[in-house]
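Secondary and tertiary structure notes
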Amino acid sequence: MFSLGWRAFRDHVSRCVPADRRRRAARIGALVAALALAVLVIVGSVAPWPDLGEPVTWVGIVLLAIAVGLVGVAAVPVRPRSADGSRVDWSGSLLPAPDDTERYFRTRSAPTIAAQDRDQVLRHAEAFRTAIVPELWRSLVLIAASVVAFGAAVVLDLPGRVVLWVAVMSAAWSIAGARRLGRVERARGLAESLPSPEAEPQRQRQRRDGAPRSPTARGTKLGLPED
């Protein structure tokens, strides 16, 4: 399920995280990083820490400012609205979908989609994907921020336990989110393979109209051995 969810994330991240919102998040993150760097420089000029006289300190505060900027990027809302213009909050944090759809999303094995639930599963799967893909994108940004912040902590000789905890939590959430997205995508694919309720009556009529008539219906008589 993880590989299916990761593939769905890669296929839909450009649509679920629109380019204009990514650019806006990048601009805000750059501004936050610049402010963080300015604050660190001001603090270093009036306080003994950080020691701006050491070249390695500048590497550390630049890394720390970049990490803060990445956290700012992750904090910017990037989720687009769903197809009907509404926000679907139940699927944004791995919360269950409505009960009549969640039973198809939480099964370990491939579910059997009832024909009457086809359109509902498709609608909820699309809403879930629109909500969860930006959350996965945000968690990846947080993982990158944690890695950069850990490098800054090593350079500046700071404790890095909190940074590692954030990285581990973000990675665990990413794995869980990708697995759940994979199960939703599996249910969506199975529902999409079913005929739509509107097309089924027409298909049945076509089969009836196009079915060959039996010899008896054409008025012919089959010969029997005893005739």
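Look a little higher up for the structure.
Quick caveat, the model's predicted, so the values are computed rather than measured.

How each quantity is defined
- Residues numbered from 1 in each chain as written.
- Predicted model: local features only at pLDDT ≥ 70, side-chain atom pairs only at ≥ 80, totals over all residues.
- Heavy atoms only, no water.
- Helix = DSSP H or I, 4+ residues; strand = E, 2+ residues; numbered from the N terminus.
- Buried < 20%, exposed > 50% of the residue type's maximum accessible area, 1.4 Å probe, protein only.
- Contact = heavy atoms within 4.5 Å.
- Areas by Shrake-Rupley, 256 points an atom, 1.4 Å probe, with all protein chains shown as cover.
- Phe/Tyr/Trp six-rings, centres within 6.5 Å; stacked < 30°, edge-to-face > 60°.
- Patch = residues over 30% accessible without salt bridge, like charges linked within 9 Å, V, L, I, M, F, W, Y side chains within 5 Å.
- Salt bridge = Lys/Arg side-chain N within 4 Å of Asp/Glu carboxyl O.
- Lys, Arg positive; Asp, Glu negative; His and termini not counted.
- Charge placed at Lys NZ, Arg CZ, Asp CG, Glu CD.
- Axes fitted to C-alpha atoms, helices over the stretch in contact; angles between N-to-C directions.
- Parallel < 35°, antiparallel > 145°, perpendicular 65-115°, else oblique.
- Nonpolar A, V, L, I, M, F, W, Y, C, P; charged D, E, K, R; others polar.
- Core = buried A, V, L, I, M, F, W, Y, C linked by side-chain atoms within 4.5 Å.
- Left-handed = near helix turned anticlockwise from the far one by under 90°.

Assigned secondary structure in the chain consists of 7 helices and 0 strands. The helix and strand sequence of the chain, counted from the amino end, reads α-α-α-α-α-α-α. In the chain, which comprises 227 residues, the proportion classed as buried is 37%. Summarising the internal contacts of the chain: among those between residues at least 6 apart in sequence, 78% fall at separations of at least 24. Roughly 13,500 Å² of accessible area belongs to the chain as shown, and the carbon and sulfur atoms make up 62% of that amount.

We now examine the packing of aromatic side chains. In this structure the tally under the stated criterion is 1 aromatic pair. Taken together, a centroid distance of 5.2 Å and an interplanar angle of 25° make the contact between Trp6 and Phe9 stacked. Here Trp6 pairs with Phe9, and both are found in helix 1 (residues 2–16), just 3 residues apart, close to one helical turn.

What follows deals with a positive patch on the surface. Together, Arg22, Arg23, Arg24 and Arg27 make up a positively charged patch on the protein surface. Within the element layout of this structure, Arg22 appears in helix 2 (residues 19–46).

Throughout the structure, instances matching the rule amount to 9 salt bridges. With its nearest N and O atoms 3.1 Å apart, the salt bridge here joins Arg129 to Glu185. On the criterion of sequence distance, the pair formed by Arg129 in helix 5 (residues 118–156) and Glu185 in helix 6 (residues 161–193) is long-range, its members being 56 residues apart. Across this residue pair, the class does not change: Arg129 and Glu185 are buried.

Here Asp51 shows up in the loop between helix 2 and helix 3 (55–75). When the C-alpha positions of Asp51 and Leu156 are compared, they lie 9.5 Å apart, and in sequence the two are 105 residues distant.

Turning next to a nonpolar patch on the surface. A surface patch of nonpolar side chains, amounting to about 340 Å² of accessible area, comprises Phe2, Trp6, Leu140 and Ile175. Counting through the fold element by element, Phe2 comes out in helix 1.

Let us look at the packing of helix 1 against helix 6. Two elements in contact, helix 1 and helix 6, have axes whose closest approach is 7 Å; the angle formed by their N-to-C orientations is 85°. Classified by the angle between their axes, helix 1 and helix 6 sit roughly perpendicular to one another. When helix 1 is examined against helix 6, the residues Phe2, Leu4, Gly5, Trp6, Ala8 and Phe9 are found in contact with a partner set consisting of Ile175, Ala178, Arg179, Leu181, Gly182, Glu185 and Arg186. Tallied by class, residues from the contact of helix 1 with helix 6 come to 8 nonpolar, 2 polar and 3 charged.

Turning our attention to the nonpolar core. Core analysis: the largest hydrophobic core is formed by 26 residues, its most contacted members being Phe9, Phe105, Val121, Val133, Trp137 and Leu181. Of all elements in the fold, only helix 1, helix 3, helix 4 (99–105), helix 5 and helix 6 reach the threshold of two or more residues within this core. Of the residues forming this core, the biggest block, 8 residues, is contributed by helix 5.

The residue His12 is located in helix 1 in this model. For His12, the residues in contact, after removing those within four places along its chain, are Arg129 and Val133.

With an omega of -5°, the peptide bond running from Trp49 to Pro50 counts as cis. Within the secondary structure, Pro50 sits in the loop between helix 2 and helix 3. The phi dihedral of Asp157 is positive, around 60°, even though this residue is not glycine.

A word on the packing of helix 2 against helix 3. Closest axis-to-axis distance for the helix 2/helix 3 pair is 7 Å, and the angle between their directions is 145°. Crossing of helix 2 against helix 3: the hand is right-handed. Contacts between helix 2 and helix 3 involve Ala25, Ala26, Gly29, Val32, Ala33, Ala36, Leu37, Leu40 and Val41 from the first element and Trp58, Ile61, Val62, Leu64, Ala65, Ile66, Val68, Gly69 and Val73 from the second.

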